Amino acid sequence: QGREIEERVMSAEFFDKDVFVVLHHSKDERESLIELVETHGGLSARTVTKKVTLVVCEDAESFPEQVKAATTFKIQMVKPEYIKACIAKSTRLPETDFLTVDPSPASKKAKTDASPPTIDTSVLDVGSEWQGSCISPDDTFPFIVTITARSYDKEGKFEGTSLWPTMNGARAKLRGTITSIGAVAWEEYEVIIVPGTDELDLPIKYEGKLDEEGKKLSGTLLSPDGEKSKFDIRNTKKSTLVFGFIAPKASFAGTMTTDYEFTLLAKTKESDGKITGTVTWPALSGCQTKMRGEVTGASLKWQEHEHLVGDDVEVPVDYTGARIATGGPVIGTYKGPSGAGPFELTVK
């Protein structure tokens, strides 16, 4: 029994090679953190020296001298949550997901010179939603990724689901990994069977990278037939699909990939979701066309089918899109006599 107790005590001392400096506005909180460090084998110091291995600091701007010393000695600065996370996992975790941002010019220069920079990967968290488009050589497809599980260890595994609104709401399960520098890889590996939806051809493999602000994830995907496409998705957090904005006299502005701005004016909407209206092209001599379409679930489809003013726009042109997040744009694709491409529509 004595040996068992000794092994448990030793296993808890995962800070036994560390010397901490804890910087905090609250004396009670500082002493509490020091007690946690020392209970798990670490030592504490009052000032930053070469012997210090980690500086615990939430607000770098409030402790400029200590932060300057940490930068000079190239000592990692972590948030207080790091200590609590290590204790929760009963192991010394990598510091990369808990680093404190140092706003000093010297630190900024060091981060600029360093390669590659550390990215805040916590944005890819349970419940977060990412919406955007897959852009293939022939078409563009809007899709949503929702994260349902995430680990914060060195492996950085996560799980989630995907939704493809313009493929009749096709869905799939996905799993992947994310590194401390924001490199993300995942695959859609299993179709989620929903009556009336299309069935995706799986597996589809993705490789991408978070931008430094953690707002956008872009990269390439590889389909089962070997075709490569690009994708670009943005963090929209939790959101609800709502189409209440399609109403009589509601007007919208959008831009096609050819940079021709257009205005869509919805004039009527029936109880079955059918809509009629006009589309105006200011840069094409004010050309105006009639449009008709319908709202079905999360999808919006319409067609420009007849000229009203001028004839600088080809008809018919078919549009298929989806409003993926409340307050966000309608994203989709158009196809006409001369070609196809993506479009984006926002409420004016």
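First things first, this report covers the structure right here in the doc. (Residues numbered from 1 in each chain as written. Predicted model: local features only at pLDDT ≥ 70, side-chain atom pairs only at ≥ 80, totals over all residues. Heavy atoms only, no water.)

A separate point is the sheet that holds strand 12 (residues 228-235). Reading around the circumference, 5-6-7-8-9-10-11-12 is the order of the eight strands in this closed barrel, with antiparallel pairing throughout. The mean inter-strand angle of the sheet, taken between neighbouring strand axes irrespective of direction, is 30°. Where strand 5 (residues 129-135) lies against strand 6 (residues 140-150), seven bridges are found, and the strand directions are antiparallel. Opposite Glu129, over in strand 6, you have Thr146 as the bridge partner. (Pairing = 2+ DSSP bridges. Helix = DSSP H or I, 4+ residues; strand = E, 2+ residues; numbered from the N terminus. Axes fitted to C-alpha atoms, helices over the stretch in contact; angles between N-to-C directions.)

Attention now goes to the sheet that holds strand 3 (residues 54-57). In space, the four strands of this open sheet follow the order 2-1-3-4, with parallel pairing throughout. In this open sheet, the two edge strands, each paired with only one partner strand, are strand 2 (43-44) and strand 4 (76-78). In this structure, strand 1 (residues 19-23) lies alongside strand 2, joined through two bridges in parallel fashion. Residue pairing across strands places Phe20 opposite Ser44, the latter belonging to strand 2. Packed onto the sheet, helix 2 (residues 27-39) meets strand 1, strand 2 and strand 3 and runs at close to 165° relative to strand 1. (Contact = heavy atoms within 4.5 Å.)

Another aspect to go through is a negative patch on the surface. Where like charges cluster on the molecular surface, the negative patch consists of Asp138, Glu199, Asp201, Asp225 and Glu227. Position of Asp225 relative to the elements: it lies in the loop between strand 11 (216-222) and strand 12. Taking the relative accessible area as the measure of exposure, Asp225 reaches 61% and is therefore exposed. (Patch = residues over 30% accessible without salt bridge, like charges linked within 9 Å, V, L, I, M, F, W, Y side chains within 5 Å. Areas by Shrake-Rupley, 256 points an atom, 1.4 Å probe, with all protein chains shown as cover. Salt bridge = Lys/Arg side-chain N within 4 Å of Asp/Glu carboxyl O. Lys, Arg positive; Asp, Glu negative; His and termini not counted. Charge placed at Lys NZ, Arg CZ, Asp CG, Glu CD. Buried < 20%, exposed > 50% of the residue type's maximum accessible area, 1.4 Å probe, protein only.)

Membership of the largest hydrophobic core comes to 27 residues, with the highest contact counts inside it found for Trp130 and Trp186. The element best represented in this core is strand 8 (residues 170-178), accounting for four residues. Counting 18 residues, the second-largest nonpolar core is a separate cluster that includes Ile275, Trp281, Tyr319 and Tyr334. (Core = buried A, V, L, I, M, F, W, Y, C linked by side-chain atoms within 4.5 Å.)

What follows concerns the side chain of Arg150. By secondary structure assignment, the location of Arg150 is in strand 6. Arg150 has contacts with Asp97, Thr121, Ser122, Leu124, Val126, Lys157, Phe158 and Ile178, leaving out every residue within four places of it along the chain.

This part takes up the packing of helix 2 against helix 4 (residues 81-89). Geometry of a packed helix pair, given as the angle between the helix axes and the separation of the axes. It is at 10 Å that the axes of helix 2 and helix 4 come closest, and there the two elements cross at 35°. For the element pair helix 2 and helix 4, the recorded crossing hand is left-handed. Residue-level contacts link Glu29, Leu33, Leu36 and Val37 of helix 2 to Ile83, Lys84 and Ile87 of helix 4. Here the contact of helix 2 with helix 4 is built from residues that sort into five nonpolar, no polar and two charged. (Left-handed = near helix turned anticlockwise from the far one by under 90°. Nonpolar A, V, L, I, M, F, W, Y, C, P; charged D, E, K, R; others polar.)

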